[in-house]
Structure formats: C-alpha cells, structure tokens
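These are the residues of each chain, in order.
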Amino acid sequence: MGERWCAAVLRVLVLQALSWALAGGQVRYSVAEEAKAGTVVGRLAQDLGLEAGEVEARRLRLVAPGRRASVEVSGASGALLVSSRLDREELCGKSAPCALRLEVLLERPLRIFHVQLEVTDINDNAPVFPAARKNLSIAESSVLGSRFPLEGATDADVGLNAQLSYTLSPSEHFGLEVKSKDEKKIYVVLVLTKSLDRETIPVHRLVLTASDGGRPSLTGTMELVISVLDANDNAPEFNQSVYKVKLPENTAPGTVFFLVTATDKDEGINQEIYYSFSDAISAKIQDLFKIDEKSGEIRTVGELDFEDVQSYDLEIEVRDKGTPPLSGHCSVELEVLDVNDNAPEVWVTSLSVPVAEDASVGTVVALLSVSDRDSGENGRVRCWVWPASPFGLEATFAGSYSLVLREALDRERVSEYEVEVRAEDGGAPALRASRGLRVPVSDVNDNAPAFAQAVYTVLARENNAAGAELARLWARDPDEAGNGRVSYSLWEGVGGGAAGSSSSWSGGGWRPASSYVSVDAESGRLWALQPLDYEELQVLQFEVRAVDAGEPPLSGNATVQLFVLDENDNAPALLPAAGSAPEAGAVAAAEAAAGSASGTLWAWAAWGAPAGQVVAKIRAVDADSGYNAWLRYELWEPRGKGPFRVGLYSGEVSTARALDEADGPRQRLLIVVRDHGEPARSATATLSVSLLEAAEAALAAGSSSSSSSPSRSAVGVELGPGTASAATNVWLVVAICAVSSLFLLAVVLYGASRWAPRAAVLSGPGPTTLVCASEVGSWSYSQRHSRSLCVADGAAKSDLMVFSPNFPPPPPPGPAPKDTQPEPSALLDTVSGNALLACIHCHFAPRLSFPKVVSSY
C-alpha cells in the first residue's frame, strides 16, 4: 500500500515538473553519447501538448543555430530522434554537464520553444600519456627520497570516467607518489627509495600505468627509461613551486608578463642553468608562449582568447650544465581575464515576407536570436530596431526576439522597408552589431483609378476620317500588377438629351455615344467611328469609365464633352421668294439643296425710277455657321457701269442711277453669292428685270403678289416696296411681337444658365428656322435649329454660347457702304409668307470658355 502511494506521489511530481518546464517555454531531455541513430530521445510533440495531426499541419521543426544538432524531429510522430553520431567530447570537450540548446518552431500561429538536450558521458576514452616512452637521467648520487615529476595522463571523458589512478611496475629503487592539488590537477612523482649504483644497474626500465574510474576501467601506459648518471649531485631549485599570474586576453603578442628564477648550489659548469617548458606542455600552448632560456622571461607569442581558454598551466623546467645535468621544476598558473572584444551576434531564425499591406498590427514578421561570447556585463546585450516604425521588437526568451508590425502599412507610400536590428553589449566601450532585413510589402487593391480631370473638353472638326484619334484619356492607379492595370470603356448613361447623358439626336431619334466614338480598352485613346457632321451634331457629352483588374475591381469615371467644329462644306443655296406658290417653293428648296439655280428670277422696274430704289432682293442660305455661313453678293454680269447694283451683304438689287428708255426693255443680271469660308463656296442666280411704265410695273407687282401660278416662278427674289403696303404694315406688327417674345425668352435662358447649379449641355431637335441676322447680315437657313447653353460651375461671369446658327461679327466701324443700307420699308417688305418664324436683330460673337480643351483636327 505504501509503495503504491509513493508511486502516485512520484508521478504527480514528474507531471508537475513537466508542466513547470512547459510553462517556462523549455523542455529538457537527456541522452547518452554514442547513442545509435534513430534512438528516441523524447516525445517532443506530446510534451508540447500537440495532437497527433498537428505535427505536420503546424510544421514542427528543429532549429539549432551555430552548430550541428545531431538530432531531428520525426515528421510523423513528433518524437525527438538521434540523427547522427553524438560525441560528447566533440560537442562539449571537458565541460560538464554537456547541454545543447535547441529551438523548436511551430507555425499557425508562429511559436518557439527551447529544448535543452543533455548528452551524458560514457567511458569511451582510455587515459593517454603525452608520450609512449619517457627518458629520465638520475645521478647516482641522488639522495634517498629524491623526487622526479612525471607527466600525467589525460582522459577525454569527464566525471568518474576521467578520475585517474596510477601504478608503477615493481622496483626496489623507485616508488610512485600521486598528489591531488584539486579535482582537475594531479601530480605524479617518481620517488627514489633506494640508492642507485650505476655500475650495478645503469638503466632502469619501468612501466607507469594510468587507470580511469569507469566501469569497466580503461588503462594507458608509458614506459620509463631511467639512466643513472654520475657526478653533479645538486639540482637547480626555484624559490617556490607554483606561481600565479593574471593576464588580460587583449595582451599584445611579444609582451613579457612574468620572470622565473632558479639557483644551483653547485659550482662551475654544474651551476650554469637554462630554462625551458616541460615536455608535458602541448604544442598549442608552446605556440602561444615563449620562455627565454637564459633570463627566464616568459612572453606571449600568439593572441589569447578568453572565450576559448580561461587559464593555462605552464610547467617550467630548469636544468644545469653538469654531467649528468640536473633539473628543477615549477608551475606558472596563468589566468586569462575577459575584455569586451566580442561584438554581439544577431541571427535571423525565421523570416515571413512579403507582408501584405493590409496586415494587422502585431503580425510577426521575423524571429531573431541574439548572443555575445563575452561574459558578465560584456555579454549582456540590449536590442532595438531602426527605424522605430512601423516595426518593433518583442523579447520572447533570453536572447530571442520577434520582429512585429507596430503600424499599418501602405504599399503606395512605401513598397519596401530596409529594417536594421541593432544590438549593443554592456561593455566599456560598448560594442555594437546589426543585421539588415529587407521587408517587401505586397499589394492589395485599395486604390481606384482616377482621371487627371473630372471633365475633358475635346474639339473635333467635322468631316473627320472614320477611325481618327480624337483625344487620349489616362487614369492613374497607384496599385501594382493587376490591381493597377486599367481598362477603359464608354459608360452608357440614360438617354433623352438631358445634361450628362451619353446620347445625341440624329435624324429620326436619339443615338447613343457609342455610335459616334469608341475608347481603346488598353490605351484610353478616343476614336471616331464615323465622320462627324456639325450640321447634325454640335455637342456630344458622355462618360468614360476606368476599371482596374483587382479583386474586387475598382473604377473611376470622367465626363467628356466633344464639341464639333464647323467646316465650310456647304455652298450657299437660294431660297424661294416670300409669297411664291408652294410648288415653286418646293422646286426652289430642292434646287437650293442641290446647290444649283435652274430657272430665271423675275423682277419689274419702272422707267424713271430714281437711283437707290430696291427692285428685288436675292435670298440665300448656307447650312454652315459662323464665317462659313456669312454670305456676300456680287454682280457678275453685266460688268462696268450698269443701271443696277447689288448690296454686298443684303442681296438687295437696286437702281444705280435713274432708268431711262435707253436701258432697253429688259436687263439680265448674273449675281454670284459667296460665303466667307476657306476655300469660299458660291452659287449663282440669274435675275431678269423688265423695264415698264410706272402703271404697268405697279399692276405687274400686284398681280404677282396675289398669283400662285408656277408658270413664272419668282424663285429667290422679292419685289420692290410698292407692291403691298397694307400687307407690309400687318407683317411689321407681327415681326415686332416675334422679336419681343424671342428677346424675353433669351433673357430667361441666360438667367437660368447663370444660376444653374452645374454645367449642362442641352440639345434637341428643332424646326426649320429663318433668321434675320442684322441690317448688314444675310438671311440664313439652318437644317437643324439648336441652342446650347453652358454655365461653368463656380464661374462668376458665365458666357452664353450659341452653336447654331452662328452670325458673322459686325462690320468695322465707320460709315457703311451705300449699297448695304436698305430702306426700312424695303426690309419690312421682305418679311412675308409662312416661312417666317423669327426676325432677330443682333450682333453676337459667341465665346467659349473651358478649363482645358483637347483639340483634334
């Protein structure tokens, strides 16, 4: 019953000790040296509290910095096994106990454990003497009790296996004396027990045997060959048998640090002495020290290292020059003092890179091990990381640190960090060491593409070639690889012609922007899919979207405003006269659209009409806008001083002088209508003026205004002021009302554009419009009437932009030419028929103001 209770208590104590060891982060095992490969040292996974499946999942592995481990962790069972030959003497030398410090790593999460493996000694090394044979010369006059030091044997084992005992083969003249100064130093002395007689026995041969304390015991032997000499019977003597010296390890080679002296009571040559190291001194020690054979000065030859050897025992021998020579011995015990001559060492045990830029604070980036070979304050190490952010050091165990993330990362700001772990010891002066780490930051898709501008303004001339490049858009994404690879596309919004829509009116309905333009997905180049026609489309507004290839993808938009610039691609076209028959108007419109004038225009004038009287007015229109639609009229035939002239800009045909019968019954005039484009385009009109009596001319004018017969179509001409004065007054009132209404509408639209919250582009279809530009302007006809009002956001002074029709600038200052100033009654006489929609007297030069304009020609 008592034995069971003791066993239970013992198990509890063992488990408690194991839990304390694990709580301290360290596990201890013991294994005998020379154990066979595959020997189980301990169940490491079980002692660390791991389940059977966690060994491979968490990659349990062994790290032994700075030396070969000779053990390994089984990947299947998690046991600690012997992997190669374990030689305690090779691993630890004479140090006892022999403990190996190992590190075990676990991942997910990353943890480190310290394992201490003690390698126990077995008696596998026999005692070894410095030489197999030792020659001694002893004078026959040596007194009884004379002592002769012998070199002892050494045993590479430790503990009881290294405790040596000595025996001497039987001899009646010599005995053996063994003295122990301490546990490490044993003196073996040969003692003369009976006087020697060289003549009887000149040479004595003995065997010295050394036995260790192992089981079974191992032995080593050395043969002693003793030659008996005669004469010189006084040996040199030192004033003391042991000297103690302390020497710093940084002592320079060649420094004399001690002087030994000995005396000999003999005289003459038997008194002359010389010094040397004992044969027991190893060759390694003799490479470090040198003794002057005459003076006894001991000096350093090589460099001392406290971290390798802390003390030396120098056996000094002095001999005289007698025959036979006698010798004396002493020991110099040299203690090496530590100085701070070793800088700290920093090792990177594990490094987990790259680090994602969205990694959380506290993420372990690397594991480090720091050590210093010095001792005391010289070996106490302080560590830190530079720069101080965004990484920091956390101490895990003595000499072990973790490099952790202290701040959030941003790859677009810093894509790679050069981190330096610095260590400093406590010596004076302090020594430092550092280890550089390169920590790259991996990208995540956290930045959307962004255009340089929110709104792009593009100018393109009409009649451009299909496939022509209009502009190039570019969006920047600071991410890398796929996260920063941007593709472009047109973003089709809701149609209807509202501001910000991606469509436009064309022909019979609204058309999407993708029918006009296309965006290259890779380069962002804006291409024209078809030739643009200013008369069909003046402004096209749409959005371009930039999307990256990240997961999830991010996008950004930009608005593109495409303005089509007018080209002089339409020739002037003649219009039918007001009040002409519908059939005649249709024929004239068709001829105007074809850019030709077939048929003759008719007019009547009375003989005796004064100079300056308007007899007709040529009406023409140009589908272009601006200067391309500003028309001028020239009398081509007859040249010279004829009876008629044409207003340069009004198109009014008036008398140049008073008409008389010498001018004949009929005048044929060839009139050329030109625009101001480059190159200029023109059309011709033939006007036949019949000269009649005053009564006949009035009658012809009245019948012409009331007739709808197409037999004599008055295409593109209006009669003079005496035709229908009553109708003129009525239409004058109508014109004044129309002008007032349009002026009020223009004021309302201008005010709305000034106080609108954002820029807008309004476009839509409109009816056929007839517009009176000014007294010096021309009648202009637009196939598609549109007005575009743009108000720039935040602009204190907004400009009203009218895209079609565009009116020419006012004439230069100064008196106008006589032929350009029609009489008011004549001007009002031209306002007749259902074709009249509005008459606007204005001088307006449109001005466009944009933050940035991308032009394409």
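Scroll up to find the structure.
The model shown is predicted, which means the values in this text are computed figures rather than measured ones.

(A) Seen up close, the side chain of Thr 686. With respect to the element layout, Thr 686 can be found in strand β51 (residues 682-692). Taking the relative accessible area as the measure of exposure, Thr 686 reaches 18% and is therefore buried. Setting aside residues up to four positions removed in sequence, Thr 686 forms contacts with Thr 600, Leu 601, Arg 668, Leu 669 and Leu 670.

(B) Expanded view of the nonpolar core. Ranked by size, the top nonpolar core spans 28 residues in total, and within it Phe 451, Phe 542, Val 544 and Leu 562 carry the most contacts. Listed by contribution, the elements that provide at least two residues to this core are β33 (455-461), β34 (469-472), β36 (486-491), β39 (517-519), β40 (525-528), β41 (539-548) and β42 (555-565).

(C) A negative patch on the surface, seen in detail. A surface patch of like charges, here negative, comprises Asp 660, Glu 661, Glu 693 and Glu 696. Its location among the elements puts Asp 660 in the loop between β49 (652-655) and β50 (666-675). We classify Asp 660 as partly exposed; its relative accessible area is 36%.

(D) Structural view of the sheet that holds strand β12 (residues 186-192). One open sheet holds the three strands; their spatial order is β9-β12-β11, and the pairing between them is antiparallel. Both outer strands of the open sheet, β9 (147-150) and β11 (174-180), are each paired with one neighbouring strand and no more. Within the sheet, the average angular offset between the axes of one strand and its neighbour, ignoring direction, is 30°. Relative to β12, β11 runs antiparallel, the two being bridged by seven bridges. In the strand pairing of β12, Leu 176 is matched with Leu 190.

(E) Molecular detail of the pairing of strand β10 (residues 165-168). Residues Tyr 166 and Leu 168 of β10 are buried on one face, while the alternating residues Ser 165 and Thr 167, pointing to the opposite face, are not. Examined bridge by bridge, β10 and strand β13 (residues 203-211) share four bridges and lie antiparallel to one another. Its bridge partner lying in β13, Ser 165 is registered against Ser 211.

(F) Highlighting the side chain of Asp 157. Along the chain, Asp 157 turns up in the loop between β9 and β10. Given the relative accessible area of 0%, Asp 157 is considered buried. In this structure, Asp 157 is in contact with Glu 33, Arg 88, Glu 89, Lys 94, Asp 121, Ile 122, Asn 123, Asp 124, Asn 125 and Ala 162, ignoring residues within four places of it in sequence.

The rules behind each value
Counting of residues starts from 1 at the beginning of each chain's written sequence and follows it residue by residue. The predicted nature of this model means local features are confined to residues of pLDDT at least 70 and side-chain atom pairs, given and counted, to a pLDDT of 80 or more, with totals for whole chains, interfaces and linings taken over all residues. With hydrogens and water excluded, all non-hydrogen atoms of the structure serve as input to the side-chain values. A run of DSSP states H or I qualifies as a helix once it reaches four residues; a run of E qualifies as a strand once it reaches two. Both are numbered from the N-terminal end. Burial classes follow relative accessibility: with a 1.4 Å probe on protein chains only, a residue under 20% of its type's maximum area counts as buried, one over 50% as exposed, and anything between as partly exposed. Contacts are residue-level and defined by heavy atoms, with any inter-residue pair within 4.5 Å sufficient. By nonpolar core is meant a set of buried Ala, Val, Leu, Ile, Met, Phe, Trp, Tyr and Cys residues that side-chain atoms within 4.5 Å join together. Here the term patch refers to residues with relative accessible area over 30% and no salt bridge, with like charges joined within 9 Å and nonpolar side chains (Val, Leu, Ile, Met, Phe, Trp, Tyr) within 5 Å. In these tables, accessible area is a Shrake-Rupley quantity obtained with a 1.4 Å probe, and a residue counts as shielded only by the protein chains included in the view. Between Lys or Arg on one side and Asp or Glu on the other, a salt bridge is scored when a side-chain nitrogen of the former is within 4 Å of a carboxyl oxygen of the latter. Note that His is not counted, nor are the chain ends; the positive residues are Lys and Arg, and the negative ones are Asp and Glu. A single reference atom marks each charge: NZ on Lys, CZ on Arg, CG on Asp, CD on Glu. Think of it this way: DSSP has to see at least two bridges between two strands before they count as a pair. Note on geometry: axes are C-alpha line fits, over the in-contact stretch for helices, and angles between N-to-C directions span 0 to 180 degrees.

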